[in-house]
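# What the coordinates show
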Amino acid sequence: MVEVVATDQTILVVGGGIAGVTAALEAAECGKQVILLEKNPSLGGRVSQLYKYFPKLCHPACGMEINLRRLKANRNVRVITMAEVTEVSGDAGNYDVTIKIAPRYVNEKCTACGECEQAVEAEFDDAFHYNLKKRKGAYLPHKMAYPQRYVLDPNIIGTEDADKAKAACKYDAIDLDMQEQTVQFKAGAIVWATGWRPYDAAKIQPYGYDRYANVITSVELERMMDPFGPTGGKLVRPSDGKEAKNVAFIQCAGSRDQNHLKHCSRICCMASLKQTTYVREQYGDEAQSSVYYIDIRAIDRIDDFYQKVQEDETVTFIKSKVASITEDKETGNPILNGVDTEGYNRYSNPHDLVVLAIGMEPSVPAGDFPIKVVVNDNGFIEQDESNGAIFAAGCSSDALDVNRAVQNATASALRAIQVVNRVAGTEG
Ligand SMILES: Cc1cc2nc3c(=O)[nH]c(=O)nc-3n(C[C@H](O)[C@H](O)[C@H](O)COP(=O)(O)OP(=O)(O)OC[C@H]3O[C@@H](n4cnc5c(N)ncnc54)[C@H](O)[C@@H]3O)c2cc1C
Ligand code: SF4
Ligand code: SF4
């Protein structure tokens, strides 16, 4: 049974992505008691699903590792994974919170030895790899997972696989009797950092994401590039495994569109510029990247990066909103159809692979929050007095890059600290 010790001076952080982890650490390092909740079995959020991240093109593990070291060194943060908030009542400085914790079926004795994974047979879609790959029913969420602890898929409970996993574990770490738990505790302030999710590409019908194997999304490309990803780090076509040297990027896929997301997702221009470097990294001078764009919105200091990509001869920019994608049945090549708005020429351009620079929307839809918060027309949480002591951090407040998500999380942590300090002052 999970026990949570908390008071009205505790800060609850919901969401363990880069923003939530940052907010939790900033508050904890100021001496505050923090509970950090994450619905997945591991911290890290969507940054841990990137291959490299701009502007420095370093591996996400670098940034996360420093944070995890800080987290391990700080006794003020209590991390609870596989948990979601179901109810919040009360006011600023005095919230009653109810959370639901899903069973992991693996306890803290787990050494991540992997024997249970070897022992089981059934396989399931792996959400970490956007379902492009399968994983076993006993699994480590990903190589850098924190905590480094295995999980059993609930679908194997009650099957032979569950017994095989238990029998394989020499450390008595598997507990098949674990149940979902409901826990209640107090909190003085809440930092809401549940982040973003990719827009459903299948809804953009003219682009045929659900019909053509060689039309993928930008988040899927990040996974394909990972050596531990679905293609072992090779940039190849899903339809036939052939090298994808000639890659088209379609900007504003699902963003800035009355029929889909009305907002500009702000990050996807930079994400595609970054991803053209992936094509070059794999195929050198043979690479061909074509970026179909309405206008490129490269965020401030990243302009230098844009300039560098523009100087790369393997990258072409085509000013056009692609009207539709069809498929050459013989070659499997997606064909992009539209009008180039600079020369007003019609085109039908074949490519090996198309990457949709997919829009970012809030991961918690407006209306699904367990407490009333003010959201803007795009579903992102506003900073508003009527939110009491609930402060948005990172991409739950807007589509942000890591740098901005971290800055914004630090600001929210500070606001939460001010609230619990006031509570402490009142009580003192
Ligand atoms: C294709 C693409 C490439 C990108 N590349 C870069 C890049 O190179 N550099 C860069 O700076 N930025 C990049 N970004 C943006 C980057 O992903 C975001 O800045 C970053 O993910 C923001 O972190 P976050 O913590 O706010 O949200 P997230 O990463 O979404 O984390 C939110 C966390 O909250 C958890 N959560 C969700 N709902 C709940 C709930 N109800 N209860 C508890 N927990 C919950 C999630 O599981 C997750 O762990 C890219 C974006 C895209 C689309
Ligand atoms: S649950 Fe047991 S067998 Fe599985 S990885 Fe952990 S310690 Fe190893
Ligand atoms: S960041 Fe670029 S690709 Fe993304 S919605 Fe805005 S303009 Fe379109």
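Coordinates for the structure precede this section.
This text gives an overview of the structure that appears in the document. Because the structure is a prediction, the values reported are computed rather than measured.

With that out of the way, let us pick up the pairing of strand β11 (residues 189-192). Of the two faces of β11, the one carrying A189 and V191 and the one carrying I190 and W192 are both buried. Note that strand β1 (residues 11-14) and β11 share four bridges and pair parallel. Across the sheet, V14 pairs through a bridge with W192, a residue of β11. Relative to strand β22 (residues 390-392), β11 runs parallel, the two sharing three bridges. Looking across to β22, one finds that V191 is bridged to F391.

A word on a negative patch on the surface. A cluster of acidic residues, D377, E382, D384 and E385, forms a negative patch at the surface. On the secondary structure map, E385 appears in the loop between β21 (360-362) and β22. Here E385 falls in the exposed class, since its relative accessible area comes to 79%.

Turning our attention to the packing of aromatic side chains. A full pass over the atoms with the stated rule returns five aromatic pairs. The interplanar angle of 80° and the centroid separation of 5.0 Å between the aromatic rings of Y51 and Y278 together place this pair among those described as edge-to-face. With Y51 in the loop between β2 (34-38) and α2 (60-73) and Y278 in helix α6 (residues 268-283), the pair connects residues that are 227 residues apart, well separated along the chain. Among the residues examined, Y278 registers a relative accessible area of 0% and is labelled buried.

Let's shift gears to the layout of surface pockets. Estimated volume of the second largest pocket: approximately 700 Å³. In terms of lining residues, the second largest pocket is bounded by 27 residues, among which V2, R78, V79, E108 and R149 are the most central. Those elements that provide at least two residues to the lining of the second largest pocket are α2 and β3 (77-81). Sort the elements by how many residues they give to the lining of the second largest pocket and β3 lands first, with five residues. Looking at side-chain class alone, the lining of the second largest pocket contains 14 nonpolar, five polar and eight charged residues.

Parameters at a glance
Residues numbered from 1 in each chain as written. Chains lettered and ligands numbered in written order. Predicted model: local features only at pLDDT ≥ 70, side-chain atom pairs only at ≥ 80, totals over all residues. Heavy atoms only, no water. Buried < 20%, exposed > 50% of the residue type's maximum accessible area, 1.4 Å probe, protein only. Helix = DSSP H or I, 4+ residues; strand = E, 2+ residues; numbered from the N terminus. Pairing = 2+ DSSP bridges. Patch = residues over 30% accessible without salt bridge, like charges linked within 9 Å, V, L, I, M, F, W, Y side chains within 5 Å. Areas by Shrake-Rupley, 256 points an atom, 1.4 Å probe, with all protein chains shown as cover. Salt bridge = Lys/Arg side-chain N within 4 Å of Asp/Glu carboxyl O. Lys, Arg positive; Asp, Glu negative; His and termini not counted. Charge placed at Lys NZ, Arg CZ, Asp CG, Glu CD. Phe/Tyr/Trp six-rings, centres within 6.5 Å; stacked < 30°, edge-to-face > 60°. 1 Å grid on protein atoms, 1.4 Å probe; cavity = no way out; pocket = protein on both sides within 12 Å on 5 of 7 lines; lining within 4 Å. Points joined across faces, edges and corners; volume = space filled by probe spheres on them. Nonpolar A, V, L, I, M, F, W, Y, C, P; charged D, E, K, R; others polar.

Bear in mind that shape data such as this cannot, by itself, settle questions of function.
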